[in-house]
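Residues per chain are reported as follows:
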Amino acid sequence: MLIGIISDTHDNLLRIDKMFSFIKEKKINTIIHCGDVTNMETLKYLSKNFKGKIYLSLGNVDEMYGLFKKDIDFKNIIVYEKSGELKIDNLNIAFCHFPWLAKTLAKNNPFDFVFYGHTHEPWEETINKTKLINPGTLAGMFNKSTFAILNTENKNIELKIL
């Protein structure tokens, strides 16, 4: 199974559409979003234009725009305020927005992967036996527009540059 890992979309619908084109071609039906969607209209756009599941941890900009305070009720988006945990194909996965929280999760829990955002910079490191992955910024703010693909069968991560 392939899973799209995105973060820091910051309302950039053009980049979201480019990412959607790629994941549609690859038949990816699960996305993990590590925060900073920015506003409710972009969240609605994600829900309307992607028919699979989206697991979202909210980020600091989401908080500034009040997404924390709103009831988010989309059939295909599951929202986690600070961090989320999933078990997919026997992989233990956690995700959040902040690097410090990602490191805490990796140090204190037996996860295979912890995904995070916030820095807008793609990054990979290992803590204990946990791979810590930042897919970068889909919006292309301060760095190139990037996202990642997790292959759950072989546990490979591939960084994609739009």
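Heads up: the structure comes first, above all this text.
These numbers come from a predicted model, not from an experiment.

Our focus in this paragraph is the overall build of the chain. Each helix and strand in the chain was counted, giving four helices and 11 strands. Taking 2.2 N^0.38 as the reference for a compact globule, 162 residues should give roughly 15 Å; the C-alpha atoms of the chain span a radius of gyration of 14 Å, in line with that estimate. In terms of its C-alpha atoms, the chain occupies a principal-axis envelope of roughly 40 × 35 × 30 Å. Within the chain, contacts between residues separated by at least 24 positions form 51% of all contacts whose residues are at least 6 apart in sequence. Working note: accessible area of the chain is about 8200 Å², and carbon and sulfur atoms make up 49% of it. Between the centroid of the 21 positive side chains of the chain and the centroid of its 19 negative side chains there is a distance of 4 Å.

For the rest of this paragraph, the subject is the environment of D112. Inspection of the secondary structure puts D112 in the loop between α4 (99-108) and β7 (113-115). The exposure class of D112 is partly exposed, given its relative accessible area of 24%. Each residue touching D112, except ones within four places of it in the same chain, is listed here: N90, L91, N92, K129, T130, K131 and K155. Within the structure, the side chain of D112 is placed 2.7 Å from the backbone nitrogen of N92, a separation counted as a polar contact.

A few words on the sheet that holds strand β8 (residues 123-127). Consider a sheet: its strands pair through backbone hydrogen bonds, and that pairing is either parallel or antiparallel. Overall, mixed pairing links the five strands, which are arranged β5-β6-β7-β9-β8 in an open sheet. Looking along the sheet, the strands with just one partner apiece sit at the ends: β5 (83-88) and β8. Averaged over all pairs of adjacent strands, the angle between strand axes in this sheet comes to 20°, irrespective of strand direction. Summarising the sheet, β8 and strand β9 (residues 130-134) pair through five bridges and their orientation is antiparallel. Paired with T126 across the two strands is K131, which belongs to β9.

Calculation criteria
Residues numbered from 1 in each chain as written. Predicted model: local features only at pLDDT ≥ 70, side-chain atom pairs only at ≥ 80, totals over all residues. Heavy atoms only, no water. Helix = DSSP H or I, 4+ residues; strand = E, 2+ residues; numbered from the N terminus. Rg over C-alpha atoms; globule rule 2.2 N^0.38 Å. Contact = heavy atoms within 4.5 Å. Areas by Shrake-Rupley, 256 points an atom, 1.4 Å probe, with all protein chains shown as cover. Lys, Arg positive; Asp, Glu negative; His and termini not counted. Charge placed at Lys NZ, Arg CZ, Asp CG, Glu CD. Buried < 20%, exposed > 50% of the residue type's maximum accessible area, 1.4 Å probe, protein only. Polar contact = N/O pair within 3.5 Å; in protein donor to acceptor, adjacent residues only side chain to side chain. Pairing = 2+ DSSP bridges. Axes fitted to C-alpha atoms, helices over the stretch in contact; angles between N-to-C directions.

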